[in-house]
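Next come the chains, spelled out residue by residue.
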Amino acid sequence: MPFSSEELAAISTPAVLIDLDIADRNIERFQRYADASGLNVRPHIKTHKLPAIAQMQLKAGAIGITCQKVSEAEAMISGEAEIRDVLITYNIVGREKLEKLRALSKRVTLSVVADSTAVVDGLSETFTNEPQPLTVLVECDTGARRCGVLSPEATEDLAAYIDAAPGLAFGGLMTFPPVGQETSVESFMREAKTRIEARGIAVPVITSGGSPSMMHAADAPVTTEYRPGTYVYNDRSLVARGACGWDDCALHVLATVVSVPAPDRAIIDAGSKTLTSDLFGLTNHGHVVGRDDITIDQLSEEHGRLVSNGPIGLVVGQKIRIVPNHACVVTNMVDAVVVKGHGRAVPENWVVAARGKIT
Ligand SMILES: Cc1ncc(COP(=O)(O)O)c(C=O)c1O
């Protein structure tokens, strides 16, 4: 981390630190892989919610960004960053959101997904009198069992439905697959594409995503685009999966020891309102940088409990850095992050523009 000990001492905790040099390296690494594999990159900005980091991703070669929610997209395009192309990977349901989507479509090149005729009908009613059709991709369930149509046959039917719907243009296929399931992505998407093209409908984009197996994205050659999110910061979950090392983690939570009530136990000022309770399939609540012997075994809202097998060796007032289990949810907990790197002489506070934009 490029923060000096004097700078860390001056930061009020709990705080979220971002090392822009590490973030940049992470962005470049995947961009190089994607370029070599003929894949377009469309990063999911839910990890950072910062237009300035989206700008770094675009500058490195990304073709646009992915957002999860309409309000998140609104916040991302409202700043100085030149974001012109947005995919929202979410079923947009409800009049208010649809109207916001319509307004958004006048400001950027916009595409969304749908996995049912009910969602498509709402989009079509909203865009039927618009001069430009809205691009809609079919979301496919290639094994993750979240949203998505269940089979290539159902994908073909929904693609044809979108193609015929007033106000809409069929844009291709989208999936968020389970980790390491490139083979299922390839077989599902290849069959769906063949079926749709046999109807005389083009399939311009096939987009997949996820950081844990992003370096295997090209193992599904039918894919044209990839949407990594967490890769920009990395976190304890990605280290646990072997996708990166601790030195690749660009986001740290800085916390202060506020109590050492027993020789083997210390309490920090970061609890579930900073680190979140998201275990993300792991046990315990984060990794204390440089202290493999310490476990963060319990959180209450504003307290984190650190335990060690031997003497904990921490004192009240000492600052520690933590790699959280899941970086993306931590981003949504703070108004601003403290950034350094990229030639900055001093740390800066960056307001997390899309923080809390969950509608
Ligand atoms: C639709 C979609 N695309 C892409 C991503 C990015 O995944 P990751 O953060 O693993 O890179 C997510 C993550 O939640 C997602 O929901």
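In this report, the structure presented in the accompanying data block is examined. (Residues numbered from 1 in each chain as written. Predicted model: local features only at pLDDT ≥ 70, side-chain atom pairs only at ≥ 80, totals over all residues. Heavy atoms only, no water.)

### Examining the overall build of the protein
Then comes step 1: Per the secondary structure count, the protein includes 11 helices and 17 strands.
Then comes step 2: In terms of overall dimensions, the protein is globule-like: its C-alpha atoms have a radius of gyration of 22 Å, near the 21 Å expected for 359 residues.
Then comes step 3: Dimensions along the principal axes, computed over C-alpha positions, put the protein at roughly 70 × 40 × 35 Å.
Then comes step 4: Classification of the 359 residues of the protein by burial places 53% in the buried group.
Then comes step 5: In the protein, once contacts between residues fewer than 6 apart in sequence are set aside, the share between residues at least 24 apart is 67%.
Then comes step 6: Of the roughly 15000 Å² that the protein leaves accessible, carbon and sulfur atoms contribute 50%. (Helix = DSSP H or I, 4+ residues; strand = E, 2+ residues; numbered from the N terminus. Rg over C-alpha atoms; globule rule 2.2 N^0.38 Å. Buried < 20%, exposed > 50% of the residue type's maximum accessible area, 1.4 Å probe, protein only. Contact = heavy atoms within 4.5 Å. Areas by Shrake-Rupley, 256 points an atom, 1.4 Å probe, with all protein chains shown as cover.)

### Here's the deal with the site of the ligand
Then comes step 1: Residues in contact with the ligand amount to 14 residues; listed here are only the nearest, Lys46, Arg146, Ser211, Gly229 and Thr230.
Then comes step 2: Interatomic distance of 2.9 Å between a side-chain N/O atom of arginine 146 and an oxygen atom of the ligand.
Then comes step 3: In the environment of the ligand, an oxygen atom lies 2.6 Å from a nitrogen or oxygen atom belonging to the backbone of glycine 229.
Then comes step 4: When the free accessible area of the ligand is taken as 390 Å², the share hidden by the protein chains comes to 91%. (Near = heavy atom within 4 Å. Polar contact = N/O pair within 3.5 Å; in protein donor to acceptor, adjacent residues only side chain to side chain.)

### Some thoughts on helix α6 (residues 117-127)
Then comes step 1: Considered for burial, the residues of α6 that qualify are Val119, Val120, Gly122, Leu123, Ser124, Thr126 and Phe127.
Then comes step 2: If you follow the buried residues of α6, they end up packed against α5 (95-105), β5 (109-114), β6 (134-140), α7 (152-164) and β7 (168-175).

### Things to note about α5
Then comes step 1: Of the residues making up α5, those classed as buried are Leu98, Leu101 and Leu104. When α5 is viewed along its axis, its buried side chains cluster within an angular range of 115° and face the same direction.
Then comes step 2: Buried residues along α5 sit against α4 (70-77), β4 (85-88), β5, α6 and β6. (Arc of directions from axis to C-beta.)

### A look at unusual backbone geometry
Then comes step 1: With an omega dihedral of 0°, the bond running from threonine 13 to proline 14 counts as a cis peptide bond.
Then comes step 2: Position of proline 14 relative to the elements: it lies in the loop between α1 (5-10) and β1 (15-19).
Then comes step 3: Non-glycine residue arginine 145 carries a positive phi angle of around 55°.
Then comes step 4: Within the fold, arginine 145 resides in the loop between β6 and α7.
Then comes step 5: In the Ramachandran plot, asparagine 284 falls in the positive-phi region, its phi being about 70° despite a non-glycine side chain.
Then comes step 6: By relative accessible area, which is 24% here, asparagine 284 ends up partly exposed.

### Some words on the packing of aromatic side chains
Then comes step 1: For the coordinates displayed, the defined rule picks out three aromatic pairs.
Then comes step 2: Plain terms: the ring middles of phenylalanine 30 and tyrosine 226 are 5.6 Å apart, the flat faces sit at 45° to each other, and that makes the pair tilted. A residue pair is termed long-range when its members are at least 10 positions apart, and phenylalanine 30 in helix α2 (residues 20-37) and tyrosine 226 in strand β9 (residues 225-227) qualify at 196 residues. Take phenylalanine 30 and tyrosine 226: they sit in the same class, and that class is buried.
Then comes step 3: Linked through ring pairs, Phe30, Tyr33, Tyr226 and Tyr231 together constitute an aromatic cluster.
Then comes step 4: Across the ring face of tyrosine 90, the terminal group of lysine 69 is positioned such that the distance to the ring centre comes to 4.8 Å. (Phe/Tyr/Trp six-rings, centres within 6.5 Å; stacked < 30°, edge-to-face > 60°. Lys NZ or Arg CZ within 6 Å of the ring centre and 35° of its normal.)

### Details of the packing of α5 against α6
Then comes step 1: Where α5 contacts α6, the two axes come as close as 10 Å, and the packing angle between them is 55°. One element, α5, and the other, α6, form an angle in the oblique class. You can see that α5 and α6 cross each other, and the crossing is right-handed. In this structure, α5 uses Arg95, Leu98, Glu99, Leu101, Arg102 and Ser105 to contact α6, whose residues at the interface are Gly122, Leu123, Glu125, Thr126 and Phe127.
Then comes step 2: A breakdown of the residues in the contact of α5 with α6 according to their chemical character gives four nonpolar, three polar and four charged. (Axes fitted to C-alpha atoms, helices over the stretch in contact; angles between N-to-C directions. Parallel < 35°, antiparallel > 145°, perpendicular 65-115°, else oblique. Left-handed = near helix turned anticlockwise from the far one by under 90°. Nonpolar A, V, L, I, M, F, W, Y, C, P; charged D, E, K, R; others polar.)

### Notes on the pairing of strand β11 (residues 265-268)
Then comes step 1: Two elements, strand β10 (residues 251-262) and β11, share three bridges in a ladder whose sense is antiparallel. Bridge pairing in β11 places alanine 262 opposite arginine 265.
Then comes step 2: From the end of β10 to the start of β11, which pair antiparallel, there are two residues.
Then comes step 3: Of the pairings in the sheet, the one linking β11 to strand β14 (residues 304-308) comprises four bridges and is antiparallel in character. Across the sheet, alanine 266 pairs through a bridge with leucine 306, a residue of β14. (Pairing = 2+ DSSP bridges.)

### Considering the side chain of serine 237
Then comes step 1: With respect to the secondary-structure elements, serine 237 resides in helix α9 (residues 236-240).
Then comes step 2: Overall, the relative accessible area of 5% leaves serine 237 in the buried class.
Then comes step 3: Beyond its immediate sequence surroundings of up to four residues, serine 237 is in contact with Phe280, Leu282 and Asn325.

### Quick word on the nonpolar core
Then comes step 1: Counting 51 residues, the largest nonpolar core has Val86, Ile88, Leu101, Leu123 and Leu173 as the members making the most contacts within it.
Then comes step 2: If we ignore the near neighbours within four places in the chain, the residues touching valine 86 are Arg42, Ile65, Cys67, Ala73, Ile77, Val108, Thr109, Leu110 and Ser111.
Then comes step 3: Counting residues in hydrophobic clusters, the runner-up holds 46 residues, among them Tyr233, Ile268, Leu275 and Ile312. (Core = buried A, V, L, I, M, F, W, Y, C linked by side-chain atoms within 4.5 Å.)

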